[in-house]
Number of protein chains: 2
Amino acid sequence: MSGTTLDDYTDRYAARIHGMAQSEIRALFAVASRPEVVSLAGGNPDTSALSMPDLSKMFTRLLHEQGPEALLYCPGQGQPRLREEICGVMALSGIDADSGASPDDVVVTAGAQQGLSLLATVFLDPGDIVLAEGPTYVGALGVFQAAQTRVKHVAMDDDGLIPEALEEALADCDRPPKFLYTVPTYQNPTGVTLSDERREQVLDICRRHGLLIVEDDPYGMLSFDGRQPLPLRARDGGGVVYLGTFSKTFAAGLRVGWVLAPPAVRDKLVLASEAQILCPSALTQAAVTRYLTTMPWRQQVKVFSTLYQERRDEMLAGLADVMPSEMTWTRPGGGLFVWAQLPPGLDSKAMLPQALAERVAYVPGTGFYANGSGHGHMRLNFSFPSVERIHAGVRRLAGVIDSAVRLRETFGA
Amino acid sequence: MSGTTLDDYTDRYAARIHGMAQSEIRALFAVASRPEVVSLAGGNPDTSALSMPDLSKMFTRLLHEQGPEALLYCPGQGQPRLREEICGVMALSGIDADSGASPDDVVVTAGAQQGLSLLATVFLDPGDIVLAEGPTYVGALGVFQAAQTRVKHVAMDDDGLIPEALEEALADCDRPPKFLYTVPTYQNPTGVTLSDERREQVLDICRRHGLLIVEDDPYGMLSFDGRQPLPLRARDGGGVVYLGTFSKTFAAGLRVGWVLAPPAVRDKLVLASEAQILCPSALTQAAVTRYLTTMPWRQQVKVFSTLYQERRDEMLAGLADVMPSEMTWTRPGGGLFVWAQLPPGLDSKAMLPQALAERVAYVPGTGFYANGSGHGHMRLNFSFPSVERIHAGVRRLAGVIDSAVRLRETFGA
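Residues numbered from 1 in each chain as written. Chains lettered and ligands numbered in written order. Predicted model: local features only at pLDDT ≥ 70, side-chain atom pairs only at ≥ 80, totals over all residues. Heavy atoms only, no water.

Participant: Sorry if this is basic, but what is going on with the overall build of chain A here?
Facilitator: Helix and strand content of chain A: 14 helices and 14 strands. Computed over C-alpha atoms, the radius of gyration of chain A comes to 22 Å, within 12% of the 22 Å expected from 2.2 N^0.38 for 413 residues, which places it in the range of a compact globule. Judged by the C-alpha coordinates and their principal axes, chain A covers about 65 × 60 × 55 Å. At a minimum sequence separation of 6, the contacts of chain A that also span at least 24 residues come to 76%. Surface summary for chain A: the accessible area is close to 14,500 Å², and the carbon and sulfur share equals 51%. Seen as two clouds, the 37 positive and the 47 negative side-chain charges of chain A have centres 4 Å apart. (Helix = DSSP H or I, 4+ residues; strand = E, 2+ residues; numbered from the N terminus. Rg over C-alpha atoms; globule rule 2.2 N^0.38 Å. Contact = heavy atoms within 4.5 Å. Areas by Shrake-Rupley, 256 points an atom, 1.4 Å probe, with all protein chains shown as cover. Lys, Arg positive; Asp, Glu negative; His and termini not counted. Charge placed at Lys NZ, Arg CZ, Asp CG, Glu CD.)

Participant: Please explain the interface of chain B and chain A as it appears in this structure.
Facilitator: One frequent convention defines the size of an interface as the accessible area lost when the parts assemble. Facing 79 residues of chain B, the contacting portion of chain A comprises 79 residues. Contact between chain B and chain A buries roughly 6,700 Å² in total, counting both sides, with carbon and sulfur atoms accounting for 65%. Along the contact surface separating chain B from chain A lie zero salt bridges. For the pair chain B and chain A, the number of links is 42 residue pairs in polar contact (both at pLDDT 80 or more). Elements represented by at least two residues in the side of chain B that touches chain A include exactly α2 (52-70), α4 (111-123), α5 (138-146), α9 (247-251), α10 (263-277) and α11 (282-294) of chain B. A per-class count over the side of chain B that touches chain A returns 46 nonpolar, 23 polar and ten charged. (Buried area = accessible area lost by both parts, 1.4 Å probe. Salt bridge = Lys/Arg side-chain N within 4 Å of Asp/Glu carboxyl O. Polar contact = N/O pair within 3.5 Å; in protein donor to acceptor, adjacent residues only side chain to side chain. Nonpolar A, V, L, I, M, F, W, Y, C, P; charged D, E, K, R; others polar.)

Participant: Hey, could you run me through the relation of the copies chain B and chain A in this one?
Facilitator: Here two copies of a chain appear, and what relates them is a rotation about an axis with a shift along it. With an axial shift of 0.0 Å and an RMSD of 0.0 Å, the rotation relating chain B to chain A amounts to 180°. Here the two chains are linked by the operation of a two-fold rotation axis. (Least-squares fit on C-alpha atoms with pLDDT ≥ 70 in both.)

Participant: What exactly am I supposed to notice about the sheet that holds strand β9 (residues 257-260) of chain B here?
Facilitator: Paired through their backbone hydrogen bonds, the strands of a sheet run either parallel or antiparallel. Residues and elements named next belong to chain B. The strand order across the open sheet formed by eight strands is β2-β9-β8-β7-β6-β3-β4-β5, and the pairing between neighbours is mixed. Strand pairing shows two members of the sheet lacking a second neighbour, β2 (106-109) and β5 (160-161), which therefore form its edges. Bridge analysis of strand β7 (residues 212-216) against strand β8 (residues 240-245) gives four bridges, and the strand direction is parallel. The residue bridging Asp 216 from the neighbouring strand is Leu 243, located in β8. On top of the sheet, helix α3 (residues 80-92) reaches β2, β8 and β9; it is set at about 105° to β2, its chief contact. The strands touched by helix α6 (residues 163-171) are β3 (129-134), β4 (150-157), β5 and β6 (179-182); relative to β4, the strand with the most contacts, the crossing angle is about 160°. (Pairing = 2+ DSSP bridges. Axes fitted to C-alpha atoms, helices over the stretch in contact; angles between N-to-C directions.)

Participant: Honestly, the sheet that holds strand β11 (residues 337-341) of chain B in this entry has me stumped. Any pointers?
Facilitator: Residue and element names in this part refer to chain B. Taken in spatial order, the four strands make up an open sheet running β10-β11-β14-β13, and their pairing is antiparallel. A single partner strand is all that each edge strand has here, and the edge strands are β10 (328-329) and β13 (363-364). Relative to strand β14 (residues 377-381), β13 is paired through two bridges, and the arrangement is antiparallel. Along β14, the bridge assignment pairs Val 363 with Arg 379.

Participant: Any chance you could explain the side chain of Asp 105 of chain A here in plain terms?
Facilitator: Residue placement: Asp 105 of chain A occurs in the loop between α3 (80-92) and β2 (106-109). If we skip the residues at most four places from it in the chain, Asp 105 of chain A touches Gln 77, Gly 100, Val 259, Leu 260, Ala 261, Pro 263 and Arg 266 of chain A.

Participant: Mind showing me how you'd approach the packing of helix α2 (residues 52-70) of chain A against helix α11 (residues 282-294) of chain A here?
Facilitator: Helix-helix packing: each pair is described by the crossing angle between the helix axes and the interaxial distance. All names here are of chain A. With their axes 10 Å apart at the nearest point, α2 and α11 run at an angle of 130° to one another. Relative to α11, the element α2 is oriented oblique. Taken as a pair, α2 and α11 cross one another with a handedness that is right-handed. Contacts between α2 and α11 involve Leu 55, Met 58, Phe 59, Arg 61, Leu 62, Leu 63, Glu 65, Gln 66, Glu 69 and Ala 70 from the first element and Ala 282, Leu 283, Ala 286, Ala 287, Arg 290, Tyr 291 and Thr 294 from the second. (Parallel < 35°, antiparallel > 145°, perpendicular 65-115°, else oblique. Left-handed = near helix turned anticlockwise from the far one by under 90°.)

Participant: Is there a simple way to explain unusual backbone geometry in this structure?
Facilitator: What you tend to see is this: most non-glycine residues have negative phi, and most peptide bonds are trans. Residue and element names in this part refer to chain A. Residues Asn 188 and Pro 189 are joined by a peptide bond in cis, for which omega reads 15°. The backbone phi angle of Arg 255 is positive, close to 55°, even though this residue is not glycine. Mapped onto the elements, Arg 255 comes out in the loop between α9 (247-251) and β9 (257-260).

Participant: Would you explain helix α14 (residues 387-411) of chain B in this entry?
Facilitator: One turn of the α-helix equals 3.6 residues, which is why residues spaced by three or four share an orientation. Residue and element names in this part refer to chain B. With 25 residues, α14 extends 36 Å between its outermost C-alpha atoms, agreeing within 8% with the 36 Å of an ideal straight helix rising 1.5 Å per residue. Within the sequence span of α14, burial applies to Ile 390, Gly 393, Val 394, Leu 397, Ala 398, Val 400, Ile 401, Ala 404, Val 405 and Arg 408. Against β1 (38-39), α12 (297-322), α13 (348-357), β12 (360-361) and β14 lie the buried residues of α14. Gly 412 sits one or two residues past α14 and shows a positive phi near 90°. (Expected span 1.5 Å × (residues − 1). Buried < 20%, exposed > 50% of the residue type's maximum accessible area, 1.4 Å probe, protein only.)

This is the structure:
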């Protein structure tokens, strides 16, 4: 217990700490956030598209009408009023009362990240197996690491998770996996969407194997053609736990998300959440409730979608214009991300310092795998940078890739 | 995976779930919150003492000047600007740069509850031992339960934790405890404060045994005589992790608290927090920063303290007026709670339905122990109910206790 910065606690940490490591994405943010760098690395929605004067009025009314209450503790499960409104939101995606969704079964969380963390608390013992798409959401990998579980990736293609690969992964497990974690719509990091046909196949496989599905759906409403696919939860009321969030439809800085779970699971999630944070913020919950009930929020989601669609178009056109022919990428129908595959022999992680020197940032594909894969891939974000910056960023990136290709041609991979 | 409400997942839950149970306090809130019931059971500060017009103006300026940023994700460790301000707040309690406090070592959390939960993630393996006052904060018991640890209570009296009892508890452990969790100032649930002399003794014992201290200090600034004791962290920079919160000095509904920890521990807390919630709310962090930098917040803390002191006086006077002579209670110098000991033979938990029938609520002492103790005690809150309601509540409670005493005299304990 000296006052030095050495680690005096080495022999006292919990076992789980040894498996926890800083994600490459977060380590990158400090450099990527410099103004001269075009960051295609982030995952931020563009909150400058929100009307601050309207939000100010909303907060003023909120504090005037319910200030003292909104500044207090609230029930661990979340405000009843908000849980009702959340059911209204889910109904727009097809998860309605007919599919068994009820405000009683909604647990409000500090973002969907907390929802996933709570599911880990409730379901995951050290050594357990979780199935997840390969690649998958980096924040999910952080949760599964902290839970000391093993992640088994299931391969995907342009139609999402491959059902045959799911069957194979299941056959290959030395114990029944606790659940399948999936982002079926406009996935992070690939932007890929699970096809309707495969949705039924995946549900069928999971039903046969008694495998619980955790469906994470942050991007579903950010559809560019207005044809958001029916969530898994809307197709199977019993076997799917659903994670939702207002981070992309309203604002990530509020940290309001939710879990829709069967009653027995819900009760345990509430206990776990009370132990973690006591209760979600009453103020930000009240803000979301007002936003949903008094503001033209569906129109605002359309504003976001249109904006991101323009930026996706710019990114895809830019990639087609300037990238070497060996390079491929996904064509997302919504969401925030494009997933690009580098020319053979190139390593996105090794190439990153050069990219930063050329003032462009991306996330190396390795961040999205638990098993060291992903060196040949990168994630590119198009929701936050302007069209001009996307244009510049893609060109800078092409320069970096061209140099790497020339190096490869000269010296080999 | 049927659609019934039966628990289809029984064989899939994590082991930790079996030790987690709803706290008696939270189960009580539904009944206690009926308007006809005088609730002395809560733990809410009185947010109606805040000026809503002033807060509205603050939020309007916040959204105008930094809206888009305050609605985005932020660093997992919390906003740098807020971490600086937090150091300014701690310096008022004596935890300053001289005692090694730096913004770099502050982790902003979703309330101090999350801070404690993160410390459990970083330090506690199943089967580990944690020392804590008996009685202790119910939310801490929830964290330790979820971590599958054993809580060993250390006896306290009117001067707080008893150093000899701490020595005995340490001698009695079958493995070194991971830390001592303590609320040394205006403790929840007792309202008791660890004396200056004992602070040094406790620090000395912990130093000798290499025992880490987790100091939870939500109430220190709510001092009724202005003589807030020097925190343990200000006396020992190396051996104490400090938990702070704005829940009582500003508003619990924002869920903004912090941990001050040595660098090695801090890094692990940040990783654990990113896995739990990604980042704290940028909006509520910005609100707290503005509150601290543009509003007369120290004056507001004085308003809270004066209000609670009046209510404490009313409660103590009421108890002295109407309670049977066999009953005793603490005389808190600050904070939110009085801890009362019932006449011998009475059981606060068994008596609660009768109390609710008489329209008064309290928390039975059993909620604050991990070992089933506390039947002879109850926690009474004086921060939230008005003086009039405290007056009525104490009288109703006296009626219930008188009846129980008469029953005991007639039928035995």
